[in-house]
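Notes for the structure review
The primary structure of each chain is shown beneath.
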Amino acid sequence: MDIREKKRLANKLRQIALRLVYEAQSGHLGGSYSAAEILVELYFEQMRYDRKRPDSLENDIFVLDKGHVTPGFYAAQSLAGLLPGDMLKTYRRIDPKTPPGEQMGTLQGHPKFWPKRGIWFSTGSLGTGISQAIGMAIAERMAGRKTHVYLLVSDGGMQEGITWEAARNAAYHKLDNLTAVLDLNWLQNDDFVFKTTELLPVGDKWKSFGWEVVGSEIPFPERNGTSLSGHDFEWLSQAFQKAKSARGKPAILLANTVKGKGVPEIENDPDWHAKSPTREQYEKWLATLQAEASIL
Amino acid sequence: MRYPVEFSQFVDDSGKPKAVERRYVRDAFGEALVELGVEKNFVVLGADLDKSTKTLKFREKFGEFGKEPFYEKGRWISCGVSEAFMCAAAGGLAARGVKPVITTFARFLERGFEPLLQSVAIPGFDAFVLGSHGGIGTGQDGSSAQAIEDIALFRTLPNATVICPADYEEAKQATFAAFECPGIVYMRLSRNPLPPIFAKEYLFQFGKGVELIPGKGITLVSTGETTYPALLAATKLKTQKLNPRLIHLPTVHPPDQTVLAEAAQDTELFVTVEDHSPRGGLGDAVLEALSQANAPRQVVKIGVEVYAESGTPAELYQKYGLDADGIVRRVLGALGKKL
């Protein structure tokens with residue numbers, strides 16, 4: 001797929017995500033926007049799957065460790081044809097029909113295992129998705145399937161101890177059927193990452209845990225005016241190819257991104273981790289995105 | 001169900017406990033896993049305690065994942081000392097149709113509890129979870145190793161069953177039965193070798209309590225390692241002109257409401273005995289069952305009320321009132337009598 005088309009899809013994804021959060025008056029926009037290009041690259045270039053059979057075991061697997069960014073995730077799934085468009089209306093809404101305890105017919109705020117909709121994981125508690133992805137990568141090896149497991153993780157998730165337990169285990173088991181992308185937007189729920197704790201150096205950590213590291217982090221204070229890799233489809237495509245050529249070890253892409261990318265009012269603003277727009281904001285930002293789409 | 005035991009199996013004519021050949025319940029688990037491994041498709045996850053949880057035989061027979069000679073066909077997965085990872089990775093395996101058997105000490109499972117509930121319980125997967133070395137019976141390692149909250153934790157999971165076998169035979173049968181049970185099966189085992197209570201003819205059934213001693217007026221209810229001291233306590237109480245019944249509940253959750261309601265018909269006092277906190281464990285399971293059966297009775301809950309200490313299992317059971325004398329004292333105390 002050409003880059004122009006991917007850019008259009010990323011724009012479309014942002015519009016859908018905005019609608020989801022606005023209509024539900026609840027959800028995580030900032031982290032959905034930082035991951036928009038990553039999700040498009042995954043769903044429309046890297047992953048191999050049969051959109052008519054989201055529950056096929058032969059499909060490549062995607063795991064969203066940063067489970068809060070469902071606006072972006074469900075938007076990507078819907079654009080990819082894995083999720084019927086009308087299901088988006090159920091986002092974060094109660095299911096009035098299904099008895100308590102059964103598989104709901106609605107899209108939860110954080111993803112829950114639902115293979116018929118192509119959701120193979122249950123996340124929302126950071127770090128658990130990384131371990132689940134490793135469990136799946138092991139299961140794929142055991143079954144001899146040629147699938148690949150893709151994993152999207154966040155800088156907030158790097159602060160969970162389980163992440164590093166998982167990192168060590170993936171390398172020990174030589175899981176080269178696993179590729180992770182770290183969405184380095186440098187913001188988390190309360191504040192900037194560097195004002196919450198310190199993660200630097202990030203790439204060196206993963207390297208020392210035995211992973212193939214593609215790309216390098218740009219610390220937040222140093223990246224003004226820098227073109228950021230996580231929004232650059234050319235970089236993403238090449239980085240995935242490089243990651244997949246690694247043998248005998250899992251790989252991670254360090255994708256430098258902007259939280260809230262695409263809507264200037266919310267870019268790099270810690271307040272926009274989990275806030276929902278007013279009607280005026282929604283209409284204004286939608287117009288911004290539509291204007292961008294018209295020139296793509 | 002009824003499985004009446006002979007007192008002569010446990011005590012001599014003078015009422016002293018007989019010397020019996022004790023066996024490890026963890027051995028029963030480890031041996032059953034090897035037998036099950038031939039027919040059932042599952043993997044075992046270990047966190048550097050395989051010598052203690054007795055999964056080494058499974059590991060030898062079915063191989064380590066990724067290592068020679070089985071490579072990708074190896075069915076034992078080394079997680080290292082990473083219980084949180086182990087419990088969440090189990091969810092990934094289950095998602096792709098591979099049944100996980102999670103094994104470590106009960107204490108360290110508590111660390112993996114949240115990843116387990118997120119990755120296994122919420123998606124509704126089947127998993128067998130072994131928590132070995134439960135309770136103060138763990139002994140000299142002290143309170144850091146003595147889980148007294150694990151049963152309570154697992155009882156709160158909507159799709160979990162909690163079992164605590166009382167001897168080798170029951171542990172072996174329970175392990176086999178667990179593979180037929182949907183949802184999460186949490187099996188809590190003790191560290192110590194336990195005296196034999198059940199013969200091969202015994203049939204473990206999920207959710208069924210076992211009346212070991214018939215009686216009237218007082219009903220003792222025990223599980224796991226405390227069933228043996230409860231049994232000895234019952235023999236002592238019989239010499240005090242009391243006629244206690246003893247019910248062993250190998251399935252702590254869901255408790256056998258039928259056997260408890262039946263007993264309640266001629267019981268004024270229930271006494272529960274567990275090597276676990278009396279809050280959230282067997283004692284509360286019995287209280288709930290009696291309440292739900294509309295059979296409110298006085299229930300004295302014997303359990304571990306504080307964080308304990310190092311000591312031999314026998315010393316600890318004596319000091320913390322889980323041995324036969326301790327149980328007898330609490331029963332008599334509740335009746336306003338003294339030993």
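Per an unreviewed UniProt entry, the recorded name for chain A is Transketolase N-terminal domain-containing protein, and the organism is Fraserbacteria sp.. According to the UniProt record, the Cofactor (unreviewed entry) comment for chain A is "thiamine diphosphate". The annotation that UniProt attaches to chain A under Sequence similarities (unreviewed entry) is "Belongs to the transketolase family."

What follows deals with the nonpolar core. Counting 133 residues, the largest nonpolar core has Y43, F62, L178 and W206 of chain A together with L260 of chain B as the members making the most contacts within it. Residues from two domains meet in this core; each of domain 1 (7–18 + 202–334) and domain 2 (23–194) of chain B gives at least three. Dropping the residues within four chain positions of it, Y43 of chain A is found in contact with Y49, F62, F73, A76, Q77, A80 and L82 of chain A. Within the second largest apolar cluster, 67 residues are counted, among which are W76, A233, V273 and L316 of chain B.

With that settled, the discussion passes to the interface of chain B and chain A. The partner chain A presents 29 residues to the 31 residues of chain B that form the contact. Between chain B and chain A, a total of about 2,400 Å² is buried, with carbon and sulfur atoms accounting for 61% of that surface. Three residues stand out in chain B for area buried against chain A, namely F65, F85 and R96 of chain B, and they jointly supply 33% of the buried area on that side. Close ionic contact of E140 of chain A with R96 of chain B constitutes a salt bridge, the shortest N to O distance being 2.7 Å. Where chain B meets chain A, there are 13 residue pairs in polar contact (both at pLDDT 80 or more). Put simply, the parts of the chain that give the side of chain B that touches chain A at least two residues each are β3 (76–78), α4 (83–95) and α5 (106–121) of chain B. For the side of chain B that touches chain A, the leading source of residues is α4 of chain B, giving 8 residues. Of the residues contributing to the side of chain B that touches chain A, the split by class is 16 nonpolar, 7 polar and 8 charged.

Turning our eyes to something else, we now look at the domain arrangement of chain B. Residues and elements named next belong to chain B. In terms of domains, chain B is made up of domain 1 (7–18 + 202–334) and domain 2 (23–194). Between domain 1 and domain 2, the C-alpha centre-to-centre distance is 26 Å. At the interface, 36 residues of domain 1 touch 37 residues of domain 2. Here domain 1 packs against domain 2, burying approximately 2,700 Å² in sum over the two surfaces, 60% of which is carbon and sulfur. Ionic pairing is found between R155 and E288, a salt bridge with its closest N-O pair at 3.2 Å. The interface formed by domain 1 and domain 2 includes 24 residue pairs in polar contact (both at pLDDT 80 or more). Only β12 (251–253), α10 (282–292) and α11 (313–319) provide two or more residues apiece to the side of domain 1 that touches domain 2. Looking at the side of domain 1 that touches domain 2 residue by residue, the class counts come to 17 nonpolar, 13 polar and 6 charged.

As a further point, take the environment of G131 of chain B. Residues and elements named next belong to chain B. Tracing the backbone through its elements, the reader meets G131 in strand β5 (residues 127–132). A residue is classified by how much of its surface remains accessible, and G131, at 0% relative accessible area, is buried. Sequence-wise, G131 and I247 are 116 residues apart; in three dimensions their C-alpha atoms are separated by 23 Å.

Right, let's talk about the packing of aromatic side chains for a bit. Residue and element names in this part refer to chain B. In this structure the tally under the stated criterion is 30 aromatic pairs over all chains. Residues Y3 and F198 carry aromatic rings whose centres are separated by 5.2 Å and whose planes lie at 55° to one another, so their mutual orientation is tilted. Taken together, the residues span a long stretch of sequence, with Y3 in the segment before β1 (23–24) and F198 in the loop between β8 (193–194) and β9 (210–213) at a distance of 195 residues. A single burial state applies to Y3 and to F198, both of which are buried. On the basis of an interplanar angle of 50° and a centroid distance of 4.7 Å, the ring pair of F42 and F179 is categorised as tilted. Pair noted here: F42 is in strand β2 (residues 42–46) and F179 is in the loop between α7 (168–178) and β7 (184–188), with a separation of 137 residues, a long-range link.

Tallied over the full model, the rule gives 4 cavities of 30 Å³ or more. Lining of the largest cavity is provided by 13 residues; of these, C164, R188, T223, G224 and E225 of chain B occupy positions nearest its centre. Class assignment of the residues belonging to the lining of the largest cavity gives a composition of 4 nonpolar, 5 polar and 4 charged. Each of two domains, domain 1 (7–18 + 202–334) and domain 2 (23–194) of chain B, supplies a minimum of three residues to the lining of the largest cavity. The volume enclosed by the second largest cavity comes to roughly 80 Å³. Surrounding the second largest cavity, Y43, M47, Y49, P54, N59, D60, I61, F62, Q77, L82, G118 and W120 of chain A form its lining. Of the residues in the lining of the second largest cavity, the class split is 8 nonpolar, 3 polar and 1 charged.

Our next topic: the pattern of salt bridges. Charged atoms that come close allow side chains of opposite charge to pair. For the coordinates displayed, the defined rule picks out 26 salt bridges over all chains. Put simply, E212 of chain A and K249 of chain A hold a salt bridge, and the shortest N to O gap is 3.2 Å. Of this pair, E212 of chain A sits in strand β4 (residues 212–214) while K249 of chain A sits in the loop between α8 (233–244) and β5 (251–256), and the two are 37 residues apart along the sequence. The salt bridge partner of K319 of chain B is E309 of chain B, with a shortest N-O separation of 2.7 Å.

A few words on the packing of α4 of chain B against α5 of chain B. Residues and elements named next belong to chain B. Running from amino to carboxyl end, α4 crosses α5 at an angle of 25°, the nearest separation of the two axes being 7 Å. Of the possible angle classes, the one that applies to α4 and α5 is roughly parallel. For the element pair α4 and α5, the recorded crossing hand is right-handed. Two secondary-structure elements touch here, α4 through E83, A84, C87, A88, A90 and G91 and α5 through F108, L109, R111, G112, P115, L116, S119 and V120. Residues of the contact of α4 with α5, tallied by class, amount to 9 nonpolar, 3 polar and 2 charged.

About the cut-offs
- Residues numbered from 1 in each chain as written.
- Chains lettered and ligands numbered in written order.
- Predicted model: local features only at pLDDT ≥ 70, side-chain atom pairs only at ≥ 80, totals over all residues.
- Heavy atoms only, no water.
- UniProt positions renumbered as here; feature names shortened; annotations may be inferred.
- Core = buried A, V, L, I, M, F, W, Y, C linked by side-chain atoms within 4.5 Å.
- Buried < 20%, exposed > 50% of the residue type's maximum accessible area, 1.4 Å probe, protein only.
- Domains from an automatic or database assignment.
- Contact = heavy atoms within 4.5 Å.
- Buried area = accessible area lost by both parts, 1.4 Å probe.
- Salt bridge = Lys/Arg side-chain N within 4 Å of Asp/Glu carboxyl O.
- Polar contact = N/O pair within 3.5 Å; in protein donor to acceptor, adjacent residues only side chain to side chain.
- Helix = DSSP H or I, 4+ residues; strand = E, 2+ residues; numbered from the N terminus.
- Nonpolar A, V, L, I, M, F, W, Y, C, P; charged D, E, K, R; others polar.
- Phe/Tyr/Trp six-rings, centres within 6.5 Å; stacked < 30°, edge-to-face > 60°.
- 1 Å grid on protein atoms, 1.4 Å probe; cavity = no way out; pocket = protein on both sides within 12 Å on 5 of 7 lines; lining within 4 Å.
- Points joined across faces, edges and corners; volume = space filled by probe spheres on them.
- Axes fitted to C-alpha atoms, helices over the stretch in contact; angles between N-to-C directions.
- Parallel < 35°, antiparallel > 145°, perpendicular 65-115°, else oblique.
- Left-handed = near helix turned anticlockwise from the far one by under 90°.

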